[in-house]
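# Notes for the structure review
Each chain, written out:
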Amino acid sequence: MKPYLAIFRLRFINGLQYRSAALAGMATQFAWGFMEILAFAAFYKANPAAFPMEFSHTVSYIWLQQAFLALFMVWFFEGEIFDSITTGNIAYELARPIDLYGRWFSQTAANRVAKAVLRSLPILLVAALVPAPYRLSLPPAAGQFILFLISVLLSLGVVVSFSMLIYITTVYTLSAAGGRLIAAALADFLAGAIIPLPFFPQPFRAIAEVLPFAAMQNMPLRIYSGNIAGRAALWGIGIQIFWLAVLTLFGRVMMKKALGKVVVQGG
Amino acid sequence: MIHLEGINKTFRVARRKSGFGRALQALFSREYELIHALQDVSFSISQGEMVGYIGPNGAGKSTTIKIMCGILRPDSGVCNIDGRTPWQDRIDHVRNIGVVFGQRSQLWWDVPVGDSFDLIRDIYKIDARRYKRNLEELVALLDLEEILKTPTRTLSLGQRMRCELVASLLHSPKILFLDEPTIGLDAVSKIAVRQFIKDLNSRRGTTVILTTHDMQDIEALTERILLIGKGRILMDGSLEELKKRSSWRKTITFEYLGPQPALDAGMTLREARPGRIVVYLEPEVCSAAEAIAHISRQVEVKDVSVAGISAEEMVAGLYREYDI
């Protein structure tokens, strides 16, 4: 484990040093969160009964989503990995006594955690201080909060193992841009990054909820407010573990195949 | 220690002519061309040897290095390094080798060099004492104390290359692969890097395999040369043998007054103009002193210059000879 922790640590330290990017990100996420909540508030005013989630649940969902954007958004890829494939720097990574899947996984996770650490606290603080209906409420119970934390970690794992599939595809296609864009847009939509999954019309919602993307931000953000609680929350965590295992296994098999036909670019 | 036999590697490359029409056509049907990067490459290298691997661009040097590092898998052939097949036991194999790709960097761009070294320590699980000893020794040898705290992005190419060497030696590898380690360096840095590699080879007994286009690297460092061209090993021998193979002749230029002098045995005329001749010498038949004496008996010599061909011309000659 030590080498992977070392990579995690170095990437984490590295990610912490971009302070102005973090400031800009925080401002954007705060403004975005606020606008989104205001828009939802307008709809709820028209007819509060017509919505599948309580307003306070939706508000918590949006604030947490904005605070932990870097953990959950699929489009947050690790540029260095794409570069190492397209420029051929992957040669150095393969010349190390370390498993490349694990290396990329820790690197990606570390970058996300570093970014989230820098940005989340100020956003959470502001979200907890704004006036009542727009305020981030506390989770209904301590047990629920612990389930939320577990689900956050699993969600990060599912997102990273999904990104791994995109990195590995790049070994074949070389240009990451196209697939990356489509995959990220689709995955984020289906994970509930645009609107929470309960807002999807049936039967589309039923389909979305069995896809691996529902094991991403959808789960922790709804567990936090108690929208998914009790047995349903445990079941949800079980689904997250399932998808994490499937995606990781699939990624490892793909990686093994890809490395067999790797071509190092640029001499 | 290192043994390659009958290694073949082919790359499939999509080809099209330039131009818009051709690009459109390539959308529907692609033409592929097979590039035979390596054909039947075989050689053996024993422990402690320092080998120069030379050949023109695209000859297959880097491909061979990458196969020996376990990065690429050849189509066929046997490669055994220290009892292992690199691409099968990649992780165990790379623990014992160090590699520097002169055109790439293994250091993290935005963090101090020392942090990159610490990461390498953790990846190779080097124990603390050995790491400290190695780092101190390498840093002192390459004169890097002051830049350990500097981020990689602010280093000059020469500084960075010295750091790359340290990075690939921290785990005391038995074999060091250097793929163009002196590319782009100034004369001072080149000399420092060469001296360092030489020391390393003699003190630690590290086996060194070096690809380069810089013939001074070869002259300064290696006893043995492998010449590769168009994916085949063309020559395997010492620098001395190479010199013999490649018409290691001297040329003498005379400037004189009077009619064109006659030549003696062992001298061949290369060019003649009124008042100036250039002559090739076969050193076994006729020494430079004899040649000068022979010409001065006939005409009044104003100026003489003697030149041997450089290693660079020699290799260019070899490339021509083998048509690569």
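Residues numbered from 1 in each chain as written. Chains lettered and ligands numbered in written order. Predicted model: local features only at pLDDT ≥ 70, side-chain atom pairs only at ≥ 80, totals over all residues.

Here the focus is the overall build of chain B. Tallying secondary structure elements over chain B gives 11 helices and 13 strands in all. The C-alpha atoms of chain B give a radius of gyration of 25 Å, which is well past the 20 Å a tight globule of 324 residues would have. Across chain B, the fraction of contacts at a sequence separation of at least 24, relative to all contacts at a separation of at least 6, is 70%. (Helix = DSSP H or I, 4+ residues; strand = E, 2+ residues; numbered from the N terminus. Rg over C-alpha atoms; globule rule 2.2 N^0.38 Å. Contact = placed C-beta atoms within 7 Å.)

Contact residues are listed per partner, giving 21 residues for chain A and 25 residues for chain B. Contributions of two or more residues to the side of chain A that touches chain B are made by α1 (2-16) and α6 (90-94) of chain A. Counting residues per element, the side of chain A that touches chain B draws most heavily on α1 of chain A, at 7 residues.

For the rest of this paragraph, the subject is the domain arrangement of chain B. What the domain assignment lists for chain B is domain 1 (46-244) and domain 2 (249-308). The C-alpha-based centres of domain 1 of chain B and domain 2 of chain B are spaced at 45 Å. (Domains from an automatic or database assignment.)

Now for the sheet that holds strand β2 (residues 31-45) of chain B. Residue and element names in this part refer to chain B. Judged by pairing direction, the sheet is antiparallel, and its 3 strands sit side by side in the order β2-β1-β4 without closing on themselves. Edge positions in the sheet fall to β2 and β4 (76-81), since each has one partner strand and no second. Taken pair by pair, the neighbouring strands of this sheet meet at an average axis angle of 30°, ignoring direction. (Pairing = 2+ DSSP bridges. Axes fitted to C-alpha atoms, helices over the stretch in contact; angles between N-to-C directions.)

Time to look at the nonpolar core. Ranked by internal contacts, the top residues of the largest apolar core, which has 137 residues, are Val158 of chain A together with Cys69, Val166 and Phe177 of chain B. Ranked by the residues each element gives to this core, the list is headed by helix α8 (residues 142-173) of chain A, at 13 residues. In this view, Phe177 of chain B contacts Ile65, Met68, Cys69, Ile97, Val99 and Ile209 of chain B; residues no more than four positions away in its chain are not counted. Within the second largest apolar cluster, 9 residues are counted, among which are Phe254, Val279, Leu281 and Ile295 of chain B. (Core = buried A, V, L, I, M, F, W, Y, C linked by C-beta atoms within 7 Å. Buried ≥ 20, exposed ≤ 12 C-beta atoms within 10 Å, placed from the backbone.)

The next thing to look at is the sheet that holds strand β12 (residues 276-281) of chain B. Residue and element names in this part refer to chain B. If you trace the 4 strands from one edge of the open sheet to the other, you get β11-β12-β10-β13, paired in antiparallel fashion. With partners counted over all chains shown, the strands left at the sheet margins are β11 (267-273) and β13 (300-308), one partner each. Taking each pair of neighbouring strands and ignoring which way they run, the sheet shows an average axis angle of 20°. Where strand β10 (residues 250-257) lies against β13, 8 bridges are found, and the strand directions are antiparallel. Residue Lys250 lies in a different strand from β13, and its bridge partner there is Gly308.

The subject of this paragraph is the confidence of the model for chain B. Averaged over every residue, the pLDDT of chain B is 86; residues scoring 70 or more account for 96%. Model confidence for the complex is summarised by a pTM of 0.83, with the ipTM given as 0.80. (pLDDT = per-residue confidence, 0-100.)

The side chains of a regular strand alternate, first on one face of the sheet and then on the other. Residues and elements named next belong to chain B. Of all the 5 residues making up strand β3 (residues 50-54), 5 are buried; the element is thus mostly covered by neighbouring parts of the structure. Side chains of β3 alternate between two faces, with Met50, Gly52 and Ile54 and Val51 and Tyr53 buried alike. Note: β3 against strand β7 (residues 207-211), 4 bridges, orientation parallel. Directly across from Gly52, in β7, lies its bridge partner Leu210. Here β3 pairs with strand β8 (residues 224-229) via 4 bridges, running parallel. Pairing of Val51 across the sheet is with Arg224, part of β8.

The subject of this paragraph is the confidence of the model for chain A. Overall, the predicted model of chain A reaches an average pLDDT of 89, with 97% of residues at or above 70. Mean pLDDT across the secondary structure elements of chain A bottoms out at α1 of chain A, with 86, and peaks at helix α12 (residues 230-260) of chain A, with 93.

Turning our attention to the packing of helix α3 (residues 55-67) of chain A against helix α7 (residues 100-129) of chain A. Residue and element names in this part refer to chain A. Between α3 and α7, whose axes approach to 8 Å, the crossing angle comes to 155°. Here α7 runs roughly antiparallel to α3, going by the angle between their axes. Note that α3 runs across α7; the crossing there is right-handed. Mapping the contact onto sequence places Trp63, Gln66 and Ala67 in α3 and Arg119, Ser120, Ile123, Leu124 and Ala127 in α7. (Parallel < 35°, antiparallel > 145°, perpendicular 65-115°, else oblique. Left-handed = near helix turned anticlockwise from the far one by under 90°.)

Now for unusual backbone geometry. With an omega dihedral of 0°, the bond running from Gln202 of chain A to Pro203 of chain A counts as a cis peptide bond. Residue position: Pro203 of chain A is located in the loop between α9 (177-191) and α10 (204-210). One non-glycine residue with positive phi stands out, namely Asp82 of chain B, at about 55°. As for its position among the elements, Asp82 of chain B is in the loop between β4 and α3 (90-94). If you check the backbone angles, Lys125 of chain B has positive phi at about 50° while not being a glycine. If you trace the backbone, Lys125 of chain B turns up in the loop between α4 (113-124) and α5 (128-142). Judged by local crowding, Lys125 of chain B falls into the partly exposed class, with 14 C-beta atoms found within 10 Å.

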